[in-house]
Amino acid sequence: MKKFVLDTDIISGEGTLESISKMSLKRVCVVTDKMMVEIGIVDKLTTILDKSRIAYKVFDRVEANPSLETVNLGLHHIIDYKPDALIALGGGSVIDAAKAIIYFCIKTKEVLVEKSHIIKPMFIAIPTTSGTGSEVTSISVITDTKTHSKIPLKDSLMLPDVAILDASLTLTVPRHITADTGMDVITHALEAYAATGANRFTDLFVEESIRLAFGNLLKAYYNGNNKVARQHMHDASCMAGIGFNNAGLGINHSLAHAIGGAFGISHGRTNAILLPYIIAFNSGLSDGNLELYGKPYGRAAELLNIESDSLELKVRSLIELIRQFNKKLEIPANFREQGVDSKAFEEAIPELAEKALDDICTATNPRRVDRTILERLLKETL
Ligand SMILES: [Fe+2]
């Protein structure tokens with residue numbers, strides 16, 4: 001069975017932030033963070049809202065890895081203000097927090113009011129980094145600060161109605177964040193390309209995402225003001241999001257969720273460090289199973305003009321290309337180089353493997369894994 005769904009309107013291109021003025025909105029709630037306020041991105045939006053005589057309230061309390069407490073504060077904000085639209089303006093954390101606010105808002109109303117009387121505010125996602133693809137997915141991750149655990153939520157209620165991809169909002173993103181988030185895009189695309197849910201519809205988006213991301217990430221990294229490269233990365237991020245929202249991801253993300261949470265390394269960077277090791281395993285290169293599992297990686301190599309009659313050479317070249325990208329982006333080759341304490345990492349391996357095994361992304365990994373395999377892979381990445 002092939003399944004593919006795309007329920008978000010996508011508006012892409014420089015200056016498309018202006019399209020907010022044409023959406024017949026009367027009253028909106030903007031969910032964002034302090035940084036977006038400080039660097040003037042929120043001003044760009046509120047200037048448009050003012051000009052269009054749209055009333056608004058700004059909730060700027062979202063932090064990195066948003067907590068349940070923050071979601072609760074935002075929930076009160078939206079319940080009191082009763083907006084006809086919720087605009088999430090920021091990176092992955094902001095969009096994730098806004099998703100959870102919408103989700104709990106509707107769930108709370110369902111307890112109090114009959115379902116047919118509930119009007120869901122329009123949900124508009126405006127990403128200001130090119131990485132998570134969160135603007136087109138129905139997934140959100142919230143942190144429970146009491147138990148130090150991540151709470152993954154997945155519900156169609158959280159899928160944005162509109163995604164605005166205006167890369168002029170990404171020009172001020174610092175280099176290391178461009179690097180980390182860009183490698184997250186590449187990881188999304190390569191995992192979705194090999195995942196068990198992949199099909200020719202998801203491949204279409206993923207293949208364009210692979211071409212765009214490999215072709216533009218270094219340009220955006222070396223020159224943050226390169227508007228063309230920034231827009232290509234923004235589109236690539238969204239396309240990879242469409243791909244993995246339908247096809248699923250794999251153990252690269254499962255392990256990244258576990259390691260990132262335990263050692264406080266950014267999500268994109270954790271993925272980038274893991275990626276060469278995980279492709280070597282998932283493709284079958286490391287254990288002589290290339291004929292069984294290697295084909296998607298061979299096709300990915302072909303998309304990047306790596307030509308050879310040998311599948312092994314294609315997969316090896318793809319892995320080498322990723323290593324070269326990491327090197328140029330100043331991303332270390334393993335977690336020791338990243339500054340992680342070796343002893344603490346080694347001690348954490350059983351727990352990290354256990355968490356990764358239970359992660360939602362493991363179910364769509366192209367190869368079945370068990371705890372022993374995950375522990376071995378974790379050891380390799382140190
Ligand atoms: Fe990711």
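Bear in mind that the values here come from a model prediction, so they are computed numbers and not experimental data.

(A) Layout of the overall build of the protein chain. Tallying secondary structure elements over the protein chain gives 14 helices and eight strands in all. A compact globule built from 382 residues would reach a C-alpha radius of gyration of about 21 Å, and the protein chain, at 21 Å, matches this within 12%. Projected onto its principal axes, the C-alpha coordinates of the protein chain cover approximately 60 × 45 × 45 Å. Every one of the 382 residues in the protein chain was classed for burial, and the buried ones make up 50%. A separation of at least 24 residues holds for 77% of the contacts in the protein chain among residues at least 6 apart in sequence.

(B) Structural context of the nonpolar core. Of all hydrophobic cores here, the largest spans 111 residues; its most connected members are V31, L86 and I101. Looking at this core, the element that brings in the most residues is helix α4 (residues 92-112), giving ten residues. If you count residues domain by domain, this core takes at least three from each of domain 1 (9-170) and domain 2 (175-381). If we ignore the near neighbours within four places in the chain, the residues touching L86 are C29, V31, I78, A98, I101, I102, P121 and F123.

(C) Helix α13 (residues 342-358), seen in detail. Its 17 residues place the ends of α13 24 Å apart at the C-alpha level, agreeing with the 24 Å of an ideal helix rising 1.5 Å per residue. Of all the bends found along α13, the most pronounced is centred on I349 and spans about 50 degrees, while P350, a proline, follows it within four residues. Of the residues making up α13, those classed as buried are F345, L352, A353, K355 and A356. Among the structural elements, α8 (251-263) and α14 (371-381) are those in contact with the buried residues of α13.

(D) Local environment of the sheet that holds strand β8 (residues 162-165). Across the sheet, six strands lie side by side as β1-β8-β5-β4-β2-β3; this open sheet has parallel pairing. Of all strands in the sheet, those bounded by a partner on one side alone are β1 (9-12) and β3 (55-59). Taken pair by pair, the neighbouring strands of this sheet meet at an average axis angle of 20 degrees, ignoring direction. With five bridges connecting them, strand β2 (residues 27-31) and β3 associate as parallel partners. Within β3, the position partnered with V30 by the bridge is V58. Lying over the sheet, helix α7 (residues 227-247) contacts β1 and β8, oriented at roughly 155 degrees with respect to β8.

(E) Representation of the domain arrangement of the protein chain within the structure. Annotation of the protein chain at the domain level lists domain 1 (9-170) and domain 2 (175-381). Using C-alpha coordinates to define each centre, domain 1 is positioned 27 Å away from domain 2. Each partner contributes residues to the interface: domain 1 has 21 residues there, and domain 2 has 23 residues. At the level of secondary structure, the elements contributing two or more residues to the side of domain 1 that touches domain 2 comprise β1, β7 (149-154) and β8. A breakdown of the residues in the side of domain 1 that touches domain 2 according to their chemical character gives six nonpolar, twelve polar and three charged.

(F) Structural view of α14. Of the positions making up α14, those classed as buried are L374, L377, L378 and T381. Across the axial projection of α14, the buried residues extend over an arc of 100 degrees, all falling on one side. Buried residues belonging to α14 abut α8, α9 (267-282) and α13.

(G) Inspection of the environment of F123 at higher detail. Structurally, F123 can be placed in strand β5 (residues 122-127). The sequence separation of F123 and A98 amounts to 25 residues, and the corresponding C-alpha distance is 8.7 Å. If near-sequence neighbours (up to four positions away) are discounted, F123 is found in contact with L86, I102, P160 and D161.

What counts and what doesn't
Residues numbered from 1 in each chain as written. Predicted model: local features only at pLDDT ≥ 70, side-chain atom pairs only at ≥ 80, totals over all residues. Helix = DSSP H or I, 4+ residues; strand = E, 2+ residues; numbered from the N terminus. Rg over C-alpha atoms; globule rule 2.2 N^0.38 Å. Buried ≥ 20, exposed ≤ 12 C-beta atoms within 10 Å, placed from the backbone. Contact = placed C-beta atoms within 7 Å. Core = buried A, V, L, I, M, F, W, Y, C linked by C-beta atoms within 7 Å. Domains from an automatic or database assignment. Expected span 1.5 Å × (residues − 1). Bend = angle between axes of the 7 residues up to and from the residue. Pairing = 2+ DSSP bridges. Axes fitted to C-alpha atoms, helices over the stretch in contact; angles between N-to-C directions. Nonpolar A, V, L, I, M, F, W, Y, C, P; charged D, E, K, R; others polar. Arc of directions from axis to C-beta.

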